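In case you want the letters, here they are:
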Amino acid sequence: MSYQIPFNKPYLTGKEAHYMYDAVYTGKISGNGKYTQLCQAFLKERYGFGKCLLTTSCTDALEMAAILINIQPGDEVIMPSYTFVSTANAFILRGAVIVFADSRKDHPGMDESSIEKLITPKTKAIVPVHYAGVACDMDLIMSLADKYNLFVIEDAAQAIDSFYTGKDGKKKALGSIGHLAAFSFHETKNIISGEGGMLAVNDPQFMARAEIIWEKGTNRSAFFRGEVDKYGWVDMGSSFLPSEIVAAFLWAQLENLDDIQKKRAEHWNVYHNQLKEWANKEKISLPGLPGFATNNAHMFFIVCSDLSQRTAIIDKLKQSGILAVFHYLSLHNSPFYKDKHDGRELPQTDHYSDCLLRLPMYYELTTKQIELITNTMMK
Ligand SMILES: *Cc1c(COP(=O)(O)O)cnc(C)c1O
């Protein structure tokens, strides 16, 4: 079925094909060339990340992180159950045991206050997911990491251009706070390259090894910089870097980052203004923002009071040719993990699985279309 208003529509700034053509015809098509370096330098400079390495997906960036912190079979990793499978898979692949945390009552993000009780001598890492680009309480998470000697890997897949203001009053970009952070440029995110991602390496102890793992376990990058006189196999690794064609696409997006973000924020505000009275009346909650967080307008979601209300709204929209979607079936109840989960109930996670609804959100939406969506919902 094709929809009059789809859920997502990848936005092209206009320069993508031009830069891809340039990448192809200058003859450097594999990874780590001009466009990769442009993108990495831009993101590092703009957001204060440590070393930036483009990857073929956020999933890959998370897998690199799991290798970097040396996850061993039996190590425990704490993360929300309300997240995408890649957050967990990256650690499962190295034999980790996932300890799922519940979501907050006021937001689908991980309930930070529940983390400390989940820490055991086997805990190796905490993986906060900045759901909808809204920051987790990073001061609290980093202080737990300090106290128990854990690594923090931010799943910042949805969190480009979003910030956290800590107790010190400093505004820090999401992805610049944890030891490592993973971003996604999948076509459903704010800034896209089809499939794509990035690992931000903020802790200097990981910087040299990250580059080696990225380049199939070789010291090829150091060789091309002239730091070593031959290159060879020095560690485990895989092929995590994207081709220049993908990086060229991404560069066209990054050049237009401010425009993209401004447009999405406008859409978000139109949704919020249109829906707030109605939502209040219908006992539907609209996304709130903790005082320490900013909104990067990655998504506009509502939380219905129950499953039947959500189903009714989806159906109404569908009849008008509008696609709204829900997501994240709780990972702790998934066919793959339910027998491995420790049995704790995670009621907030289940609540969001049943009640959260995402509305269309993409650059080319018009105010008129958003009004059509909201009026249809409120009919
Ligand atoms: C999109 C997403 C991912 C996966 O990103 P890919 O680039 O598709 O691998 C991981 N975690 C979260 C929270 C996401 O939203």
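These numbers were taken from a predicted model, which means no experiment stands behind them. (Residues numbered from 1 in each chain as written. Predicted model: local features only at pLDDT ≥ 70, side-chain atom pairs only at ≥ 80, totals over all residues. Heavy atoms only, no water.)

(A) Quick look at the sheet that holds strand E8 (residues 180-184). Strand order in this open sheet of seven strands is E1-E9-E8-E5-E4-E2-E3, and the pairing throughout is mixed. The sheet is open, and its two borders are formed by strand E1 (51-55) and strand E3 (97-101), each paired with just one other strand. Strand-to-strand twist of the sheet, defined as the mean angle between neighbouring strand axes without regard to direction, takes the value 25 degrees. The pairing of E1 with strand E9 (residues 197-201) spans five bridges and is antiparallel. Looking at E9, one finds that Leu-53 is bridged to Leu-199. (Pairing = 2+ DSSP bridges. Helix = DSSP H or I, 4+ residues; strand = E, 2+ residues; numbered from the N terminus. Axes fitted to C-alpha atoms, helices over the stretch in contact; angles between N-to-C directions.)

(B) Region of the structure containing the environment of Lys-262. Inspection of the secondary structure assignment puts Lys-262 in helix H9 (residues 257-282). Its relative accessible area of 54% is what places Lys-262 among the exposed residues. (Buried < 20%, exposed > 50% of the residue type's maximum accessible area, 1.4 Å probe, protein only.)

(C) Representation of the side chain of Glu-112 within the structure. Mapping Glu-112 onto the fold places it in the loop between E3 and strand E4 (123-126). Apart from residues no more than four positions distant in its own chain, Glu-112 is found in contact with Arg-104, Cys-136, Asp-137, Leu-140 and Ile-141. (Contact = heavy atoms within 4.5 Å.)

(D) Up close: the layout of surface pockets. Its volume calculated, the largest pocket comes out at about 420 Å³. Along its surface, the largest pocket is lined by 22 residues, and Phe-84, His-186, Thr-188, Lys-189 and Tyr-328 are the ones closest to its centre. For the lining of the largest pocket, the elements supplying multiple residues, two or more each, are helix H3 (58-68) and helix H4 (85-92). The residue makeup of the lining of the largest pocket, split by class, is six nonpolar, 12 polar and four charged. Lining the lining of the largest pocket are residues from two domains, each supplying at least three of them: domain 1 (16-255) and domain 2 (257-378). In this structure, the second largest pocket is lined by Asn-32, Gln-37, Gln-40, Ala-41, Lys-44, Lys-51, Cys-52, Leu-53, Glu-211, Trp-214, Ser-221 and Arg-225. Where the lining of the second largest pocket is concerned, the elements lending two or more residues are helix H2 (34-47), E1 and helix H6 (207-214). Among the elements that line the lining of the second largest pocket, the one with the most residues is H2, at four residues. A breakdown of the residues in the lining of the second largest pocket according to their chemical character gives four nonpolar, four polar and four charged. (1 Å grid on protein atoms, 1.4 Å probe; cavity = no way out; pocket = protein on both sides within 12 Å on 5 of 7 lines; lining within 4 Å. Points joined across faces, edges and corners; volume = space filled by probe spheres on them. Nonpolar A, V, L, I, M, F, W, Y, C, P; charged D, E, K, R; others polar. Domains from an automatic or database assignment.)

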